[in-house]
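Structure assessment
Letter by letter, the chains look like this.
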Amino acid sequence: MKQVYTHENRFFVANAKHILESHGIRVFLKNEHASSIMGEAAALHAWVELWVDDDADYERACRIIETSLSQKDAVGWQCAHCNEENDASFELCWNCQSEHS
Ligand SMILES: [Zn+2]
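None of the values given here were measured: they were computed from a predicted structure. (Residues numbered from 1 in each chain as written. Predicted model: local features only at pLDDT ≥ 70, side-chain atom pairs only at ≥ 80, totals over all residues. Heavy atoms only, no water.)

A tally of helices and strands in the protein chain yields three helices and five strands. Start at the N end of the protein chain and walk to the C end: the helices and strands fall as β-α-β-α-β-α-β-β. Per-residue burial over the protein chain gives 34% buried out of 101 residues. Taking the intrachain contacts of the protein chain between residues at least 6 apart in sequence as the baseline, contacts between residues at least 24 apart amount to 51%. Summing over all exposed atoms, the protein chain offers an accessible surface of approximately 6400 Å²; the carbon and sulfur share of this is 48%. (Helix = DSSP H or I, 4+ residues; strand = E, 2+ residues; numbered from the N terminus. Buried < 20%, exposed > 50% of the residue type's maximum accessible area, 1.4 Å probe, protein only. Contact = heavy atoms within 4.5 Å. Areas by Shrake-Rupley, 256 points an atom, 1.4 Å probe, with all protein chains shown as cover.)

Before going further, it helps to spend a moment on the sheet that holds strand β2 (residues 27-30). The sheet built from three strands is open, its strands ordered β1-β3-β2 with antiparallel pairing. Both outer strands of the open sheet, β1 (2-7) and β2, are each paired with one neighbouring strand and no more. The sheet shows a mean angle of 30 degrees between the axes of neighbouring strands, direction not considered. Pairing geometry for β1 and strand β3 (residues 48-52), over five bridges, is antiparallel. Looking at β3, one finds that Lys 2 is bridged to Val 52. Packing of helix α1 (residues 10-22) onto the sheet brings it into contact with β1, β2 and β3, and relative to β1 it is tilted by some 140 degrees. (Pairing = 2+ DSSP bridges. Axes fitted to C-alpha atoms, helices over the stretch in contact; angles between N-to-C directions.)

Further remarks concern unusual backbone geometry. In this model, Asn 31 sits at a positive phi of 65 degrees, which is unusual for a non-glycine residue. Examined against the element boundaries, Asn 31 turns out to sit in the loop between β2 and α2 (34-43). The class of Asn 31 is partly exposed, set by a relative accessible area of 32%. In this structure, Gln 97 is a non-glycine residue whose phi angle is positive, near 60 degrees. You can see Gln 97 is positioned in the segment after β5 (85-86). Looking at Gln 97, the relative accessible area reads 46%, which means it is partly exposed.

In this model, the protein chain carries a mean pLDDT of 85, and residues with pLDDT of at least 70 account for 83%. The lowest-confidence element of the protein chain is α2, averaging 55 in pLDDT; the highest-confidence one is β3, averaging 95. (pLDDT = per-residue confidence, 0-100.)

Moving on to the environment of Gln 97. Between the alpha carbons of Gln 97 and Cys 82 there is a distance of 9.8 Å; along the sequence they are 15 residues apart. Beyond its immediate sequence surroundings of up to four residues, Gln 97 is in contact with Phe 11 and Leu 92. In this structure the side chain of Gln 97 is engaged in a polar contact, spanning 3.2 Å, whose partner is the backbone oxygen of Trp 94. (Polar contact = N/O pair within 3.5 Å; in protein donor to acceptor, adjacent residues only side chain to side chain.)

Coordination of the zinc ion by the protein comes from Cys 79 (SG), Cys 82 (SG), Cys 93 (SG) and Cys 96 (SG), over a distance range of 2.3 Å. Counting the intervening residues between successive donors of the zinc ion yields the motif C-x2-C-x10-C-x2-C. Classification of Cys 93 as buried rests on a relative accessible area of 0%. (Donors = N, O, S within 2.8 Å, 3.2 Å for Na, K, Ca; no water.)

The structure is reproduced here in structure tokens:
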């Protein structure tokens, strides 16, 4: 098992998890519930971590995340469900978690 991604904003981690799962890679989250127990200040030290279950998937997972999260020139999209603007790298709406359709 290897950590493949982490971010202070748990939505980014959830988004990365969704992307990897859509590529058939088995992943899981660590520290998912830490910040609610430890409070805001401590939450910085308890970022949600995304881990791959199988080390053999690690390199591929890194590449997928790099590619998916570096599309700076891509245009964002508007959620059909709640009309919020989303970054192009998001596959789920940050606000309501609807699928990008
Ligand atoms: Zn939405």
